[in-house]
Amino acid sequence: QKKIMNNKVIFTNGCFDILHIGHIRLLKYAKSLGNHLIVGLNSDESIKRLKGYDRPFNKLEYRKEVIESIKWVDEVRIFTEDTPYNLIKDLKPDIMVKGGDYTPSTVIGSDICKVEIFNLVGNISTTQILNHVK
């Protein structure tokens, strides 16, 4: 992956199974930091390993189409491992953005690029939404 000339490449990643306002604000913030925003998207198999057999609710092709339709997202890359470390290593982004439930030192790939933490929006998370629905 070649860096886009004179532009900052920004990376974030996640399952993006049930999209909520926290996701949208994180993606908007991430795009504000550079010119090209790449979203790493967990494969269905990696989500099952991380979140349990009943996830994801939305299959990969649907999640990918939803993320690609967000105006701040320039590119979506799928990863099948439990973490996007190899993808980050290949892309070598300038900045990686993660939600406020992380600290820079706990972010996978913090040894490769600068990490920006985006504060969580209220108490909104996919897990919280799912617990409410149940």
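For the structure itself, look to the data block above.
These figures come from a predicted structure and were not determined experimentally. (Residues numbered from 1 in each chain as written. Predicted model: local features only at pLDDT ≥ 70, side-chain atom pairs only at ≥ 80, totals over all residues. Heavy atoms only, no water.)

A.B. asks: Which residues make up the overall build of the protein chain, and what values do they have?
C.D. replies: Of the regular secondary structure elements, the protein chain holds five helices and five strands. Taken across its 134 residues, the protein chain has 41% of its residues classed as buried. Of the contacts made within the protein chain by residues no fewer than 6 positions apart, 65% connect residues no fewer than 24 positions apart. (Helix = DSSP H or I, 4+ residues; strand = E, 2+ residues; numbered from the N terminus. Buried < 20%, exposed > 50% of the residue type's maximum accessible area, 1.4 Å probe, protein only. Contact = heavy atoms within 4.5 Å.)

A.B. asks: Could you give an account of the sheet that holds strand 2 (residues 36-42), naming the residues involved and the relevant values?
C.D. replies: Backbone hydrogen bonds hold the strands of a sheet together, and the pairing may be parallel or antiparallel. The five strands lie next to each other as 3-2-1-4-5, forming an open sheet whose pairing is parallel. Of all strands in the sheet, those bounded by a partner on one side alone are strand 3 (75-79) and strand 5 (114-118). Between one strand axis and the next, the sheet turns through 25° on average, direction left out of account. Both strand 1 (residues 9-14) and strand 2 contribute to a ladder of six bridges, which runs parallel. By the bridge assignment, Thr12 is partnered in strand 2 with Val39. The sheet contacts of helix 3 (residues 60-68) involve strand 2 and strand 3, and relative to strand 2 the element is tilted by about 160°. (Pairing = 2+ DSSP bridges. Axes fitted to C-alpha atoms, helices over the stretch in contact; angles between N-to-C directions.)

A.B. asks: Go over the side chain of Glu75 with me, naming the residues and quoting the values.
C.D. replies: Relative to the assigned elements, Glu75 resides in strand 3. Assessed through its relative accessible area of 19%, Glu75 is described here as buried. Separated by 2.7 Å, the side chains of Glu75 and His36 make a polar contact. (Polar contact = N/O pair within 3.5 Å; in protein donor to acceptor, adjacent residues only side chain to side chain.)

A.B. asks: Describe the nonpolar core, listing the residues and the values that go with them.
C.D. replies: Within the largest apolar cluster, 15 residues are counted, with the highest numbers of intra-cluster contacts made by Leu27, Leu37, Val39, Ile67, Val73 and Val97. If you list the elements that add at least two residues to this core, you get helix 1 (21-32), strand 2 and strand 4 (95-99). Among all residues touching Leu37, those that are not within four sequence positions of it are Ile10, Phe11, Thr12, Leu27, Ala30, Lys31, Trp72, Val73, Asp74 and Glu75. Judged by nonpolar contacts, the second largest core, of eleven residues, contains Val9, Phe11, Leu87 and Leu91. (Core = buried A, V, L, I, M, F, W, Y, C linked by side-chain atoms within 4.5 Å.)

A.B. asks: Explain the environment of Leu19 to me, using residue names and the numbers behind them.
C.D. replies: Mapped onto the elements of the fold, Leu19 is located in the loop between strand 1 and helix 1. For Leu19, a relative accessible area of 31% puts it in the partly exposed group. Separated by 47 residues in sequence, Leu19 and Val66 have C-alpha atoms that sit 8.6 Å apart. Ignoring sequence-local partners within four residues, the contact set of Leu19 consists of Ile24, Val66, Ile67 and Ile70.

A.B. asks: Any details on unusual backbone geometry? Residues and values, ideally.
C.D. replies: Pro56 follows Arg55 through a cis peptide bond whose omega is -5°. With respect to the secondary-structure elements, Pro56 resides in the loop between helix 2 (44-51) and helix 3. Non-glycine residue Phe16 carries a positive phi angle of around 45°. By secondary structure assignment, the location of Phe16 is in the loop between strand 1 and helix 1. The phi dihedral of Lys92 is positive, around 45°, even though this residue is not glycine.

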